[in-house]
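Take a look at the letters that make up each chain.
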Amino acid sequence: MADQVLTEKQIKIEGTATTKLEAMREAADILVAAGAVTSAYLPAMLEREESVSTYMGNYLAIPHGTNESKDAILASALSFVRYSTPIDWDGNPVRFVVGIAGVGNEHLDILSSIAIVFSDEDEVDALIAATSAEEILDILSEVNT
């Protein structure tokens, strides 16, 4: 992957959503603004969520589209939104919503990189404490390699 899948512009350190739906929309809007997906991607994210929860543990949810939504993906990219007040994600507290769009099978490598960061509680604590998008990008730098 030559391009960066996550840039400072795709990181929102203070999300405004208060519901799962709003959080998914916030994550999708960043991907649309980045030119990574079309507006058809949000319905695909919602469809995926209906069949399987994208809650991953450690305050993390990774909403992404269905396999059928590949046409809506223009480039591999991530959106990262942090919430100071946890969002109820099917009964689980979520403070980080990472929207993901992957061309081909690139989303698997990206998911793997995110999972490694979020499996380390010190990294999760650092993401909670981070005061800037730059700091968050530094912690998540693995996704761009």
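Residues numbered from 1 in each chain as written. Predicted model: local features only at pLDDT ≥ 70, side-chain atom pairs only at ≥ 80, totals over all residues. Heavy atoms only, no water.

**Here we look at the sheet that holds strand S4 (residues 77-89)**
Thinking step 1. Judged by pairing direction, the sheet is mixed, and its five strands sit side by side in the order S1-S4-S5-S3-S2 without closing on themselves. At either end of the open sheet lies a strand with only one pairing partner, and these are strand S1 (11-12) and strand S2 (55-57).
Thinking step 2. Here S1 runs beside S4; their pairing, made up of two bridges, is parallel. Pairing of Lys12 across the sheet is with Val81, part of S4.
Thinking step 3. On the sheet, helix H1 (residues 20-33) packs against S1, S4 and strand S5 (92-101) and is oriented at approximately 160° with respect to S4. (Pairing = 2+ DSSP bridges. Helix = DSSP H or I, 4+ residues; strand = E, 2+ residues; numbered from the N terminus. Contact = heavy atoms within 4.5 Å. Axes fitted to C-alpha atoms, helices over the stretch in contact; angles between N-to-C directions.)

**Here's the deal with the nonpolar core**
Thinking step 1. Ranked by size, the top nonpolar core spans 24 residues in total, and within it Leu6, Leu78, Phe80, Ile114, Phe118, Leu127 and Leu140 carry the most contacts.
Thinking step 2. Those elements that provide at least two residues to this core are S4, S5, helix H3 (106-118), helix H4 (121-129) and helix H5 (133-139).
Thinking step 3. Of the residues forming this core, the biggest block, five residues, is contributed by H3.
Thinking step 4. If we skip the residues at most four places from it in the chain, Leu6 touches Ile11, Leu78, Phe80, Leu137, Leu140, Val143 and Asn144.
Thinking step 5. The next biggest cluster of nonpolar side chains, apart from the first, holds 23 residues, and it includes Ala72, Tyr83, Ile87 and Ala101. (Core = buried A, V, L, I, M, F, W, Y, C linked by side-chain atoms within 4.5 Å. Buried < 20%, exposed > 50% of the residue type's maximum accessible area, 1.4 Å probe, protein only.)

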